[in-house]
Amino acid sequence: MSEPVVQTTDPELRERILHGIGELLPRVLKRELPEISQDACLFDDLGLTSAGTIELILELEESLDIQVDVEQITEDDLRSVTRLADYVAGHVIPED
């Protein structure tokens, strides 16, 4: 049986993104957060808004010095901290 093809991402970059999300979320949400679970739902559990999502991604780009292609992002990609980290890691635009 063959495994489904999964877009490979740089595990080190994904870790940096996960860490960055954890660091930036309290600032974007303008409140202290307890330990953020990687499975936490960004909207339901943490109260992130659409505008907050954009701010979070922009802050991530700035803090990690990356550019993210947000053209393909879906609501599903924003379902949890892990899903967002996977999306960002898989959609970094290479610098020329």
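The rules we used
- Residues numbered from 1 in each chain as written.
- Predicted model: local features only at pLDDT ≥ 70, side-chain atom pairs only at ≥ 80, totals over all residues.
- Heavy atoms only, no water.
- Axes fitted to C-alpha atoms, helices over the stretch in contact; angles between N-to-C directions.
- Helix = DSSP H or I, 4+ residues; strand = E, 2+ residues; numbered from the N terminus.
- Parallel < 35°, antiparallel > 145°, perpendicular 65-115°, else oblique.
- Left-handed = near helix turned anticlockwise from the far one by under 90°.
- Contact = heavy atoms within 4.5 Å.
- Nonpolar A, V, L, I, M, F, W, Y, C, P; charged D, E, K, R; others polar.
- Core = buried A, V, L, I, M, F, W, Y, C linked by side-chain atoms within 4.5 Å.
- Buried < 20%, exposed > 50% of the residue type's maximum accessible area, 1.4 Å probe, protein only.

### Examining the packing of helix 1 (residues 11-29) against helix 3 (residues 81-90)
Point 1. In contact at an axis separation of 9 Å, helix 1 and helix 3 are set at 130° when each is read in the N-to-C sense. It follows from the interaxial angle that helix 1 and helix 3 lie oblique. Every pair of crossing elements has a handedness; the one defined by helix 1 and helix 3 is right-handed. Where helix 1 approaches helix 3, its residues Leu-13, Arg-14, Ile-17, Leu-18 and Ile-21 are matched on the opposing element by Val-81, Thr-82, Leu-84, Ala-85, Asp-86, Val-88 and Ala-89.
Point 2. Tallied by class, the residues present in the contact of helix 1 with helix 3 amount to nine nonpolar, one polar and two charged.

### Here's the deal with the nonpolar core
Point 1. Counting residues in hydrophobic clusters, the biggest one holds 27 residues, and the most contacted among them are Ile-17, Ile-21, Leu-25, Leu-46, Leu-56, Val-81 and Leu-84.
Point 2. Among the elements that make up this core, the one with the highest residue count is helix 1 (eight residues).
Point 3. With near-sequence residues (within four places) excluded, Leu-84 lies in contact with Ile-21, Leu-42, Leu-56, Ile-57, Ile-73, Asp-77 and Leu-78.

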